Protein chains: 2
Amino acid sequence: MMRDLHWSPKEKRIARQAFEKALHKEFETAIETTKKMATQITDVDDLWKLEEYLTNCRKGITQKYDYRYAMLVYVCNRLIVEERISFEDLNGLKEGKLNYIRSPIHISS
Amino acid sequence: MMRDLHWSPKEKRIARQAFEKALHKEFETAIETTKKMATQITDVDDLWKLEEYLTNCRKGITQKYDYRYAMLVYVCNRLIVEERISFEDLNGLKEGKLNYIRSPIHISS
């Protein structure tokens, strides 16, 4: 099962680097968007739009970036789909994991 | 009882003007603070500080600006205490209401 995959120390390092790279980019985008939205605030509706953006942003990032090994294949899959990382970033992972990451993944509850 | 005070049309107009004036100032301050905080964002901690500020700001304003006539004496009292309006803004209200607004007020449940 995907949730029970073994991650070697080298694979953990590779996954962590890819994860951190994507997270860093996500933060950069959020900061840039926030600064832009703030300069464009002219009334209170704009103010609450920024609040809503930030709240959704924080929730989305917290939900997406789940660095438990049991979840890492799903996370990598999503980051690939969203083009936040590439397969080059995952170079060094075992083929079995890469196959899972390449495939559409459905998390069963 | 303060909650049962009668507000004449003229008093309602005066109270509404004072209320709107204070609310407008509150929004202006929030917009100014947000723009300043946004320019100072350098990392993700700053980003979530701005989110927290905006969330608290929205909740605080919603809670404070309660324009039900049953609550208006309490609201005016608070706006006076916070120096968001002055007694000049309330000029024209009947003396009984002004006395309530001048006094420390405790809302009984």
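Given the structure is predicted, the values throughout are model-derived calculations rather than measurements.

A.B. asks: So what exactly am I meant to see when it comes to the packing of helix α1 (residues 9–39) of chain A against helix α2 (residues 44–64) of chain A here?
C.D. replies: A pair of packed helices is captured by two measures, namely the crossing angle of their axes and the spacing between those axes. Residues and elements named next belong to chain A. Relative to each other, α1 and α2 sit at 175 degrees, their axes nearing to 11 Å. Put simply, α1 runs roughly antiparallel to α2. Along the contact surface, α1 presents L23, E26, F27, T29, A30, T33, T34, M37 and A38, while α2 presents K49, L50, Y53, L54, C57, I61 and K64. Tallied by class, the residues present in the contact of α1 with α2 amount to 10 nonpolar, three polar and three charged.

A.B. asks: Which parts of the structure should I look at to understand the relation of the copies chain B and chain A?
C.D. replies: Mapping between the two copies of the chain is achieved by a rotation about an axis and a shift along the axis. Between chain B and chain A, the superposition needs a rotation of 180 degrees and an axial shift of 0.0 Å, giving an RMSD of 0.0 Å. Considering both components of the superposition, the chain copies are consistent with a two-fold axis. The overlap is high: 100% of the interface residues of chain B also sit at the interface in chain A, so the same surface is used on both sides.

A.B. asks: Before we go on, may I ask you to explain the nonpolar core in this structure?
C.D. replies: Generally speaking, soluble globular proteins have nonpolar side chains that are buried together. Membership of the largest hydrophobic core comes to 68 residues, with the highest contact counts inside it found for L47, W48 and L90 of chain A together with L47, W48 and L90 of chain B. Among the elements of the structure, α1, α2, α3 (72–81) and α4 (95–102) of chain A together with α1 (9–39), α2 (44–64), α3 (72–81) and α4 (95–102) of chain B are those that each provide at least two residues to this core. Among residues more than four places away in sequence, those in contact with W48 of chain B are F27, L54, C57, R58 and I61 of chain A.

A.B. asks: Even after reading the chapter, I still don't get the interface of chain B and chain A, so can you show me in this structure?
C.D. replies: Frequently, the measure chosen for interface size is the accessible area that the parts lose on association. With 21 residues of chain B in contact, the opposing surface of chain A contributes 21 residues. Overall, the association of chain B and chain A removes approximately 1800 Å² of surface from exposure, summing both partners, and the carbon and sulfur fraction of that is 74%. Looking at the side of chain B facing chain A, the largest losses of area belong to W48, E51 and R58 of chain B, adding up to 31% of the total buried there. Here R58 of chain B ties to E51 of chain A by a salt bridge, and the two come within 2.5 Å at their closest N and O atoms. At the boundary of chain B with chain A, the tally comes to 10 residue pairs in polar contact (both at pLDDT 80 or more). For the side of chain B that touches chain A, the elements supplying multiple residues, two or more each, are α1 and α2 of chain B. Tallied by class, residues from the side of chain B that touches chain A come to 12 nonpolar, five polar and four charged.

A.B. asks: What exactly am I supposed to notice about the confidence of the model for chain A here?
C.D. replies: Should the pLDDT be low somewhere, the predicted coordinates at that spot are not to be read in detail. Residues and elements named next belong to chain A. In the predicted model, chain A carries a mean pLDDT of 91, and 92% of its residues have values of at least 70. Averaged pLDDT values for the elements of chain A fall to 90 in α4 and rise to 97 in α2. As scored by the predictor, the complex reaches a pTM of 0.85 and an ipTM of 0.84.

A.B. asks: Hey, could you run me through α3 of chain B in this one?
C.D. replies: Each α-helix winds once per 3.6 residues, and so residues spaced three or four apart point in a common direction. All names here are of chain B. α3 sits mainly inside the fold: eight of its 10 residues count as buried. Buried residues along α3 sit in contact with α1, α2 and α4. Once α3 ends, the next one or two residues include E83, with phi positive near 60 degrees.

The rules behind each value
- Numbering of residues starts from 1 in each chain and follows the order in which that chain's sequence is written.
- Think of it this way: whatever chain is written first is A, whatever ligand is written first is 1, and the rest follow in order.
- Owing to the predicted nature of the model, reporting of local features is limited to residues with pLDDT of at least 70; listing and counting of side-chain atom pairs is limited to 80 or more, with chain, interface and lining totals taken over all residues.
- The basis for the side-chain values is all heavy atoms of the structure; hydrogens and waters are excluded.
- Here, axes are lines fitted to C-alpha atoms. For helices the fit covers the stretch in contact, and angles between N-to-C directions go from 0 to 180 degrees.
- Helix numbers and strand numbers start at the N terminus; a helix is a DSSP run of H or I with at least 4 residues, a strand a run of E with at least 2.
- Oblique is the label for every angle not falling under 35 degrees (roughly parallel), over 145 degrees (roughly antiparallel), or within 65 to 115 degrees (roughly perpendicular).
- Only heavy atoms enter the contact rule, under which two residues are in contact if any of them lie within 4.5 Å.
- Residues are grouped as follows: Ala, Val, Leu, Ile, Met, Phe, Trp, Tyr, Cys and Pro are nonpolar; Asp, Glu, Lys and Arg are charged; all remaining types, including Gly, are polar.
- All copies are superposed by least squares; the fitting set is the C-alpha atoms of residues with a pLDDT of at least 70 in both.
- In these notes, a set of buried Ala, Val, Leu, Ile, Met, Phe, Trp, Tyr and Cys residues joined through side-chain atoms within 4.5 Å is what counts as a nonpolar core.
- Three labels apply to residues, based on accessible area from a 1.4 Å probe with only protein chains included: buried if under 20% of the type maximum, exposed if over 50%, partly exposed otherwise in between.
- Buried area, as used here, totals the accessible surface that two parts lose on assembly, with accessibility defined by a 1.4 Å probe and the loss added over both.
- The term salt bridge refers to a pairing of a side-chain nitrogen on Lys or Arg with a carboxyl oxygen on Asp or Glu at a separation within 4 Å.
- Counted as a polar contact is a pair of N or O atoms within 3.5 Å, where, for protein atoms, one must be capable of donating a hydrogen and the other of accepting one, and residues adjacent in sequence contribute only when both atoms are in side chains.
- Confidence scores labelled pLDDT are given residue by residue by the predictor and lie between 0 and 100.

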